[in-house]
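# Secondary and tertiary structure notes
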Amino acid sequence: MNAPLLQINGLHVAYKVYGTRHHVLNGISISVEKGEKVGIIGESGCGKTTTLKSVLRILPSNALIEGGEILYDSKNVLKMDGNELRKLRRTKVSMIFQDPTAALNPVFKIGEQLFDIIRAKYEDGGRSLTSKEIREEAEMLIRQVMLPEPERILSSYPFQLSGGMRQRVMIAMALASASELLLADEPTTNLDVTIQDQILRLIDRIVNEKKLSIVLVSHALGAVRKMVNRVYVMYAGTIVEEGRTRDVFENPLHPYTKMLLASAPKLTGEGISEGIPGRIPDYSSPPPGCRFHPRCPSATPACRFKEPKMVEVEPNHRVACYLYSMRGE
Ligand SMILES: Nc1ncnc2c1ncn2[C@@H]1O[C@H](COP(=O)(O)OP(=O)(O)O)[C@@H](O)[C@H]1O
Ligand SMILES: [Mg+2]
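Rules of the game
Residues numbered from 1 in each chain as written. Chains lettered and ligands numbered in written order. Predicted model: local features only at pLDDT ≥ 70, side-chain atom pairs only at ≥ 80, totals over all residues. Heavy atoms only, no water. Helix = DSSP H or I, 4+ residues; strand = E, 2+ residues; numbered from the N terminus. Polar contact = N/O pair within 3.5 Å; in protein donor to acceptor, adjacent residues only side chain to side chain. Contact = heavy atoms within 4.5 Å. pLDDT = per-residue confidence, 0-100. Core = buried A, V, L, I, M, F, W, Y, C linked by side-chain atoms within 4.5 Å. Buried < 20%, exposed > 50% of the residue type's maximum accessible area, 1.4 Å probe, protein only. Near = heavy atom within 4 Å. Areas by Shrake-Rupley, 256 points an atom, 1.4 Å probe, with all protein chains shown as cover. Nonpolar A, V, L, I, M, F, W, Y, C, P; charged D, E, K, R; others polar.

Turning our attention to the side chain of Lys37. In this fold, Lys37 is placed in strand β3 (residues 37-41). Within the structure, Lys37 has its side chain in polar contact with the side chain of Asp204 (distance 3.1 Å). Of note is the side chain of Lys37, whose polar atom sits 2.8 Å from the side chain of Asn208. The contact partners of Lys37, leaving out residues within four places of it in the chain, are Asp204, Val207, Asn208, Ile214, Met227, Val228, Asn229 and Arg230.

Let's shift gears to the confidence of the model for the protein. Predicted confidence across the protein gives a mean pLDDT of 91, with 95% of residues reaching 70 or more. Note on residues 267-271: pLDDT is under 50 here. Beyond four places in sequence and across chains, it has 2 contacts.

What follows concerns the nonpolar core. A general tendency of soluble globular proteins is for nonpolar side chains to be buried together. Ranked by size, the top nonpolar core spans 96 residues in total, and within it Leu114, Ile118, Leu181, Leu182, Leu183, Ile203 and Tyr256 carry the most contacts. Per-element accounting of this core gives the leading share, 8 residues, to helix α7 (residues 163-177). For Leu181, the residues in contact, after removing those within four places along its chain, are Leu5, Leu6, Val32, Tyr72, Lys92, Val93, Ser94, Ser213, Ile214 and Val215.

With that settled, the discussion passes to the site of ligand 1. Around ligand 1 there are 14 residues in total, and Gly45, Lys48, Thr49, Thr50 and Asn62 lie nearest to it. Contact distances for ligand 1 include 2.8 Å between an oxygen atom and a side-chain N or O atom of Thr49. Residue Thr50 places a side-chain N or O atom 2.5 Å away from an oxygen atom belonging to ligand 1. Protein burial of ligand 1: of its 560 Å² of free accessible surface, 68% is covered by the chains. Listing elements by their share of the shell around ligand 1, those giving two or more residues are β1 (6-17) and α1 (48-56). Per-class residue counts for the shell around ligand 1 are 6 nonpolar, 6 polar and 2 charged.

In C-alpha cells, the structure reads:
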C-alpha cells in the first residue's frame with residue numbers, strides 16, 4: 001500500500017503564555033489517504049485549529065512544536081526549508097479559515113489577491129501566464145464557487161461583499177492553490193444557517209470533482225457525517241476515538257464521543273443542546289492519565305494515573321479508553 005498523503009505522528013504542540021507552557025496537542029496521530037475525506041470533531045478549544053495550522057507551519061509565534069512528525073508525501077514538513085514550504089503551500093495544500101477576514105487582505109481588491117496566488121502557483125511549476133490567462137483562471141474559479149458576475153467580484157474589495165460571498169471567495173483562493181489537500185477549518189461557522197449547508201455542499205462537490213483530499217473540522221455534525229469517510233474525535237489535545245464515519249456515529253465508544261454526539265442539536269432542528277458538563281482542562285497543568293477523566297461519568301481510579309492507549313475494538317475503529325482495554329495497561 002502507498003504511504004498516506006498526510007501522516008501526523010505523535011505531534012506535541014505547546015503555547016508559551018507569560019513564560020508558562022500550555023501543553024495543547026498531546027501526541028496526536030492522524031492520517032489522510034489520497035482522495036480521502038476525513039473529519040475532526042470535538043468541542044472548541046480541543047486543538048483542532050492548532051492541528052491544521054501545524055500541517056502548514058502557520059502556527060502563531062508563541063507556539064512550540066515539542067515532538068512528533070508531520071509527513072506529507074513521506075516528507076517531514078517540520079524539516080522543510082523555506083522553499084519547500086512555499087511550494088507545499090502554493091501547490092499542494094491549502095486551508096480555508098474559520099474567519100474569512102483573517103485570510104483576505106482588506107486593502108486589495110479580490111482580483112489582485114487571487115491573481116497573485118494563481119501567478120505564484122504557475123511560477124512554482126515553471127510556467128509564467130499572461131495577464132489574460134491569469135484573469136481567465138480567476139474568473140473560472142469564481143464561477144466554480146457559484147458567485148455571479150465574476151468581473152464585478154474581482155474588482156471588489158472584501159468589505160463590499162457579504163459574509164457568504166467572502167467565504168466563497170476564500171474557498172476559490174484555497175482552490176487556486178490546493179491541488180491535493182484542503183484543510184477546512186469550520187468553513188461555515190460565521191455564516192447564516194441557510195448558507196452553511198450550501199457552502200458545505202459546494203466544498204464537497206469541488207472536492208469530489210477535483211479528487212482532492214480534505215480534512216474537515218466542523219461543528220455541523222450532520223454535515224460531517226454526510227461528507228467524510230473517516231472521523232477523528234479530539235478531546236483536549238488527544239485523539240480519543242477514530243473510525244469510519246458510520247461506525248463512530250452509530251456506535252460511539254468513548255464516553256466523550258457519546259456525550260459529544262448527544263449534546264449536538266438534533267439534526268431535525270428540534271431539541272436544545274445540553275452541552276457536556278464541565279470544561280476543557282487548563283493546558284498549563286492538564287490532568288494526568290486520561291485528560292477526560294475529570295468530566296467522565298465512567299471514570300475509574302486507573303484513568304487518573306496513566307493515559308490509555310488506542311485499542312482497536314472493531315476493524316478500523318479505535319478508542320483510547322480503559323473501558324475497552326485492560327485496566328492499568
Ligand atoms: N496563540 C496562542 N497562545 C496561547 N494559547 C493558544 C493560542 N492559540 C490557541 N491557544 C489555545 O490552545 C487551545 C486549542 O486551541 P485551538 O487549536 O484553536 O482549538 P479548537 O480549534 O479546537 O477550538 C485553546 O485552549 C486555545 O486557547
Ligand atoms: Mg478552531
